[in-house]
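Chain by chain, the residues run as shown.
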Amino acid sequence: MGSTRSRASIVLAAALAALASAAPAAAHSRSAPVALDYRMRLTAPPGVTARALDGDRTLQLRVERSLTVVVRGYLGEPFLRFEHDGVWANQGSATAAAKEVVHPGRIS
């Protein structure tokens, strides 16, 4: 009987140790959640697919290679350009600098 209690104590201690050392879940973004009282609807022209991700904090665009698409920044300036050979950031864009997409004064 003492041996059964001893085994049960060991199993319980091991289970508690495993629970105490569990790593935090990484399923959420690092930013605090924000309550929203609106619904966002995305529409895109043919050849462009737009999706809102991460609670509407991130926008994902897919553009057919045959198209050129310009994304405007916060001030209405050209921010990103999707072309057949890639996606380009405007180095003079205030939005690109604020979002650290480009680094003014840095040569790469």
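Residues numbered from 1 in each chain as written. Predicted model: local features only at pLDDT ≥ 70, side-chain atom pairs only at ≥ 80, totals over all residues. Heavy atoms only, no water.

### Here's the deal with the overall build of the protein chain
Moving on, step 1. Scanning the protein chain from N- to C-terminus turns up two helices and five strands.
Moving on, step 2. Each of the 108 residues in the protein chain was classed as buried or not, and the buried ones make up 10%.
Moving on, step 3. The long-range share in the protein chain, meaning contacts at least 24 apart out of those at least 6 apart in sequence, stands at 7%. (Helix = DSSP H or I, 4+ residues; strand = E, 2+ residues; numbered from the N terminus. Buried < 20%, exposed > 50% of the residue type's maximum accessible area, 1.4 Å probe, protein only. Contact = heavy atoms within 4.5 Å.)

### Quick word on the pairing of strand 5 (residues 86–89)
Moving on, step 1. Of the pairings in the sheet, the one linking strand 4 (residues 78–83) to strand 5 comprises four bridges and is antiparallel in character. Opposite Glu 83, over in strand 5, you have Gly 86 as the bridge partner.
Moving on, step 2. Between strand 4 and strand 5, which pair antiparallel and follow one another directly, the connecting turn spans two residues. (Pairing = 2+ DSSP bridges.)

### Focus on unusual backbone geometry
Moving on, step 1. Even without being a glycine, Glu 100 presents a positive backbone phi close to 55°.
Moving on, step 2. Checked against the element boundaries, Glu 100 lands in the segment after helix 2 (94–98).
Moving on, step 3. By relative accessible area, Glu 100 is classed as exposed at 58%.

Geometric descriptors of this kind do not, in isolation, establish any biological role.
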